[in-house]
Amino acid sequence: MIVVKVGGSAGIDYDAVCADLAARWNAGEKLILVHGGSGETNRVAEALGHPPRFVTSPSGYTSRFTDRQTLEIFEMVYCGKINKGIVERLQRLGVNAVGLSGLDGRIFEGRHKDSVRAVENGKTKVLRGDHTGTVERVNTGLIELLLGAGYLPVLTPPASSYEGVAINVDGDRAAAALAVALKAEALLLLSNVPGLLRAYPDEASLIRQIPADEVESYLEFAQDRMKKKVLGAAEAVAGGVKRVIFGDARAGQPITAALDGAGTVVS
Ligand code: ADP
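Residues numbered from 1 in each chain as written. Predicted model: local features only at pLDDT ≥ 70, side-chain atom pairs only at ≥ 80, totals over all residues. Heavy atoms only, no water.

(A) Up close: the nonpolar core. Among the nonpolar cores identified, the biggest contains 74 residues, and Leu90, Leu178, Leu187 and Leu188 are the most heavily contacted of them. Listed in part, the five residues of the second largest apolar core include Phe65, Val116, Ala118 and Leu127. (Core = buried A, V, L, I, M, F, W, Y, C linked by side-chain atoms within 4.5 Å. Buried < 20%, exposed > 50% of the residue type's maximum accessible area, 1.4 Å probe, protein only.)

The following block contains the structure:
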């Protein structure tokens with residue numbers, strides 16, 4: 001089993017990802033796709049007059065502050081436009097894909113964090129009314145049912161809290177938890193960069209190989225949301241996934257290239 005996570009940043013070629021995925025699936029490989037949608041969510045939120053608000057925690061992690069209205073816009077884009085766009089592409093390529101959020105069948109479950117500590121203008125504040133959390137549990141029953149019946153699951157945040165409330169969770173870390181739960185042989189984190197760059201944005205500074213037990217020490221090279229990918233990779237290898245690859249989803253055959261060793265390989 002290979003878990004492929006494709007991000008939501010500008011420049012990602014969903015046609016290329018889906019064509020590669022379909023070719024491998026139709027050749028008999030078992031794969032699951034997890035996707036993001038942050039770029040499009042930002043555009044739609046602006047258009048709807050509820051622009052995104054990003055907050056930075058005291059430890060330097062950036063996340064989207066998700067009030068109820070933001071959560072609903074998030075769902076429109078992630079579970080609607082992006083998820084159905086991917087399912088449609090796959091269906092056209094002869095793959096019987098099924099798109100689900102983490103709420104459906106409680107595939108992704110975690111604790112609801114209602115407040116977040118944020119640094120704004122040098123001061124730490126507590127913001128309430130947040131609908132976020134982290135995936136702590138993956139319920140694989142529905143996924144196994146689908147895979148066993150020949151369907152390819154296409155998964156997206158949000159997750160479900162233990163109380164059944166929708167929570168915005170990081171897609172990279174959700175994909176990592178899924179890879180661990182399914183005992184996947186590889187986790188691919190595909191985005192709009194060649195991999196983890198030592199000197200972002202210099203693409204010539206690509207880090208080719210990271211020993212599995214040293215992932216966290218590479219956090220220093222990652223800025224902003226890339227940190228979540230490095231963290232996800234660390235969680236996946238700690239959970240027994242043999243290979244995590246940060247790969248490029250902008251063109252070509254993104255999955256095949258990553259599995260052939262392009263990008264940053266954590267193993
Ligand atoms: P996605 O939504 O596609 O998963 P994210 O925006 O969450 O992607 O994270 C990828 C982004 O992280 C890249 O587009 C890049 O701007 C940024 N980034 C920060 N530091 C690095 C780094 N050291 N190497 C590569 N990308 C980095």
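(B) How the structure looks around unusual backbone geometry. With an omega of 10°, the peptide bond running from Pro157 to Pro158 counts as cis. With respect to the helices and strands, Pro158 occurs in the loop between strand S8 (152-156) and strand S9 (159-161). That bond from Tyr200 to Pro201 is cis: its omega, 10°, falls within 30 degrees of zero. Non-glycine residue Asn121 carries a positive phi angle of around 50°. Mapped onto the secondary structure, Asn121 falls in the loop between strand S6 (108-120) and strand S7 (123-138). The exposed category is assigned to Asn121, whose relative accessible area is 78%. Backbone geometry places Lys183, a non-glycine residue, at a positive phi of 50°. For Lys183, the location among the structural elements is in the loop between helix H5 (171-181) and strand S11 (186-191). (Helix = DSSP H or I, 4+ residues; strand = E, 2+ residues; numbered from the N terminus.)

Distances and angles like these do not, on their own, reveal function.
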